[in-house]
2 protein chains.
Amino acid sequence: MTYDLWYWPSIQGRGEFVRLPLEAAGITYRDRAREDGAQALIADMQAREHRGPFAPPYLVSDGITVAHVANILLFLGERKGLAPSGDADRLWLHQVQLTIADFVAEVHQVHHPVGTGQYYEDQKTEAARFAAEFRNDRMPKFLSYLETAAQANTGGWLVGDRWSYGDTSLFQLIEGLRYMFPKRMQAIEGDYPALLAIHGRVRELPGIRDYLASDRRIPFKQDGIFRQYPELDAQ
Amino acid sequence: MTYDLWYWPSIQGRGEFVRLPLEAAGITYRDRAREDGAQALIADMQAREHRGPFAPPYLVSDGITVAHVANILLFLGERKGLAPSGDADRLWLHQVQLTIADFVAEVHQVHHPVGTGQYYEDQKTEAARFAAEFRNDRMPKFLSYLETAAQANTGGWLVGDRWSYGDTSLFQLIEGLRYMFPKRMQAIEGDYPALLAIHGRVRELPGIRDYLASDRRIPFKQDGIFRQYPELDAQ
């Protein structure tokens, strides 16, 4: 079975939440737009008249096209054992992933509060206002929820005694928040020891260690989701 | 098997996307906070230390607690046959539901662009700015995508030849947009005939007809997700 991932080739973005479990599990995949360019991605999307994606990332495998990060991870979880198979655990993990997706959507809203199609530079005042609430209220609310979720399991991971796609997503979330809000994270991340422990364990997975050291890992940058605007950060 | 739905008792909100397929399928369920009040909902959430929901709605059934609209619908789809069971159709329908969830999140952003915890009255200028882009760009983009999805199936529904949770969600989406943006919807909804056809078919399902005529259907109001602020609407 082949796995073709389609996502913007120059950023981590939402695609990174798919790349990470593929890399951790050692699943062979092609990152198509990194091979063929962004124009190939646009052309591929346009060619999918029916049942196409609303937006990248999407994964094509065995005649099935799956879009939406959480849906792709659900699919990989079932097909490749990257998630527990029992209903209670499977749905719980998906729920955590959907909560992470909501958190990431608010991260995007921090720098684009009043216009998803407009530049950050044209909404800096509004972004500063949203960012203050985000740092003070939303970050602790989401992180506390995820910390409780992590503490609910004694196996060292989010669910059970081996890593799942939820753990690689938590890793990426912590990485992104540290990049975007270095001051704020330094002030509060100690409140979330179970999340930091999972972050550390994911970083040491052989597949992730190799990936992070490779040029397949694109650096964080200002046109991704996590953006380092110092004026939006504070303790 | 019993189904306990927990959601804010005074609004349609996100809970309505769960109530509708339960009603359409004639599944017996208890709308717990409508029976016992909002305080009971808050107490129930607080009592769920582990694996609790980040926010309502959540559904409790047979010892499993499922939160997040799309996740609840995935669960009901599998358990109660409210979705096709083949992988390609099942994942496609979930993908459409997740896209609707993103659309609804942007609907909320229309009236709360710079502070989810602040009043609309304190962000009216920013809301007007976001609303303009939403009406002109985002609404047609999402609706066109969903129209293409609906047209891809010849069975009269989103997938296959019987209704699924995706169809009840499209119904609620059209209802909500007509309430919130009456001028804009009047101007553009004719561009989406397949969506309107599904909306009409869902409205005539016996379970939905009964529900809409009952006092279980809460009217749209200004503290839900779809809010009728005339200053945010325009052709």
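Along each chain, the written sequence defines residue order, and numbers are assigned to residues from 1. Chain letters and ligand numbers both follow the written order, the letters beginning at A and the numbers at 1. In view of the model being predicted, local features appear only for residues whose pLDDT reaches at least 70, and side-chain atom pairs are presented and counted only at 80 or more, with totals across whole chains, interfaces and linings using the full set of residues. To obtain the side-chain values, all non-hydrogen atoms of the structure were used and water was disregarded.

### Description of the overall build of chain A
Secondary structure elements are taken from DSSP: a helix is a run of H or I of four residues or more, a strand is a run of E of two residues or more, and numbering for both begins at the N terminus. The helix and strand tally for chain A stands at ten helices and four strands. For chain A, the succession of helices and strands along the chain, N to C, is β-α-β-α-α-β-β-α-α-α-α-α-α-α. Only C-alpha atoms enter the radius of gyration; for comparison, a globular chain is expected to reach 2.2 Å times N to the power 0.38, where N is the number of residues. Here the C-alpha radius of gyration of chain A, 18 Å, is about what a compact globule of 235 residues would show, namely 18 Å. For chain A, the C-alpha atoms occupy an extent of roughly 45 × 45 × 35 Å along the three principal directions. Each residue is placed in one exposure class: buried if its accessible area under a 1.4 Å probe, protein chains only, is under 20% of its type's maximum, exposed if it is over 50%, and partly exposed if it falls in between. A burial count over chain A gives 58% of its 235 residues as buried. Considering only contacts in chain A between residues 6 or more positions apart, those separated by 24 or more positions represent 73%. Contacts were defined at the residue level, with two residues in contact if any of their heavy atoms lie within 4.5 Å.

### Observations concerning helix H9 (residues 193–203) of chain B
Of the residues making up H9(B), those classed as buried are Ala194(B), Leu195(B), Ile198(B), His199(B), Gly200(B) and Val202(B). At its buried positions, H9(B) is contacted by helix H6 (124–151), helix H7 (165–180) and helix H10 (206–213) of chain B.

### Describing the sheet that holds strand E2 (residues 30–31) of chain B
Residues and elements named next belong to chain B. Strand order in the open sheet formed by four strands is E2-E1-E3-E4, with mixed pairing between adjacent strands. The sheet is open, and its two borders are formed by E2 and strand E4 (64–67), each paired with just one other strand. Pairing between strands requires that DSSP locate at least two bridges from one strand to the other. Here strand E3 (residues 58–61) pairs with E4 via four bridges, running antiparallel. Paired with leucine 59 across the strands is valine 66, a residue of E4.

### With respect to the environment of Arg227(B)
All names here are of chain B. Its place among the elements puts arginine 227 in the segment after H10. Accessibility expressed as a relative area gives 12% for arginine 227, which makes it buried. For the pair arginine 227 and tyrosine 179, spaced 48 residues apart in sequence, the C-alpha to C-alpha distance is 7.3 Å. Non-local contacts of arginine 227, meaning those with residues more than four positions away in its chain, are made with His111, His112, Tyr179, Met180, Lys221 and Gln222. A polar atom in the side chain of arginine 227 sits 2.8 Å from the backbone oxygen of glycine 224. What qualifies as a polar contact is a pair of N or O atoms within 3.5 Å, subject to a donor-acceptor requirement within protein and to the restriction that residues adjacent in sequence count only when both atoms come from side chains.

### What about the relation of the copies chain A and chain B?
A least-squares fit on C-alpha atoms brings the copies together, and the residues used are those whose pLDDT is at least 70 in both copies. At an RMSD of 0.0 Å, chain A and chain B line up after a rotation of 180° and a shift of 0.0 Å along the axis. Both copies are brought into coincidence by an operation consistent with a two-fold rotation axis. By C-alpha distance to the rotation axis, the residue of chain A lying nearest is Pro113(A), at 2.7 Å. The share of interface residues of chain A whose copies in chain B are also at the interface is 100%, consistent with both copies meeting through the same surface.

### Remarks on the domain arrangement of chain A
By a frequent convention, interface size equals the accessible area lost on bringing the separate parts together. All names here are of chain A. Where a domain begins and ends is set by an automatic assignment or by a domain database. Once the domains are mapped, chain A shows domain 1 (4–80) and domain 2 (87–205). If you average the C-alpha positions of domain 1 and of domain 2, the two centres end up 21 Å apart. Across the contact, 15 residues belong to domain 1 and 15 residues belong to domain 2. Buried area is calculated as the accessible area (1.4 Å probe) missing from two parts once they are joined, with the contributions of both summed. For the pair domain 1 and domain 2, the summed buried surface comes to about 1,200 Å²; carbon and sulfur atoms form 75% of the total. We define a salt bridge as a side-chain nitrogen of Lys or Arg found within 4 Å of a carboxyl oxygen belonging to Asp or Glu. Connecting domain 1 to domain 2 are one salt bridge. Where domain 1 meets domain 2, there are two residue pairs in polar contact (both at pLDDT 80 or more). Looking at the side of domain 1 that touches domain 2, the elements that each hand over two or more residues are helix H1 (16–24) and helix H4 (69–80). No other element matches H4, which puts seven residues into the side of domain 1 that touches domain 2. Each residue gets one of three labels, nonpolar for Ala, Val, Leu, Ile, Met, Phe, Trp, Tyr, Cys and Pro, charged for Asp, Glu, Lys and Arg, and polar for the others, Gly among them. A per-class count over the side of domain 1 that touches domain 2 returns nine nonpolar, three polar and three charged.

### Here we look at the sheet that holds strand E4 (residues 64–67) of chain A
Residue and element names in this part refer to chain A. Sheet architecture is open: four strands sit in the order E2-E1-E3-E4, paired in mixed fashion. With partners counted over all chains shown, the strands left at the sheet margins are strand E2 (30–31) and E4, one partner each. Here the axes come from fitting lines to C-alpha atoms, over the contacting stretch only for helices, and the angles between their N-to-C directions go from 0 to 180 degrees. This element, H4, spans strand E3 (58–61) and E4 of the sheet and lies at about 130° to E4.

### What to know about the interface of chain A and chain B
Residue-level contacts link 48 residues of chain A with 48 residues of chain B. Buried surface at the junction of chain A and chain B, summed over both partners, amounts to about 4,400 Å²; 53% is from carbon and sulfur atoms. Three residues, Arg51(A), Phe54(A) and Arg129(A), lead the burial of chain A against chain B; their summed loss comes to 20% of the area buried on that side. Summed over the shared surface of chain A and chain B, the number is eight salt bridges. Here Asp87(A) ties to Arg79(B) by a salt bridge, and the two come within 3.5 Å at their closest N and O atoms. The interface formed by chain A and chain B contains 33 residue pairs in polar contact (both at pLDDT 80 or more).

### Observations regarding the packing of aromatic side chains
Residue and element names in this part refer to chain A. Only centres within 6.5 Å qualify two rings of Phe, Tyr or Trp (six-membered ring in Trp) as a pair; their planes then separate them into stacked at under 30 degrees, edge-to-face at over 60, and tilted for everything else. Applying the stated criterion across every chain, the model contains 20 aromatic pairs over all chains. Note on tyrosine 120 and tyrosine 229: the rings are 3.9 Å apart at their centroids and 15° apart in plane angle, and the pair reads as stacked. Taken together, the residues tyrosine 120 in the loop between helix H5 (87–111) and helix H6 (124–151) and tyrosine 229 in the segment after helix H10 (206–213) connect sequence positions 109 residues apart. In this pair, the class of tyrosine 120 matches that of tyrosine 229, namely buried.

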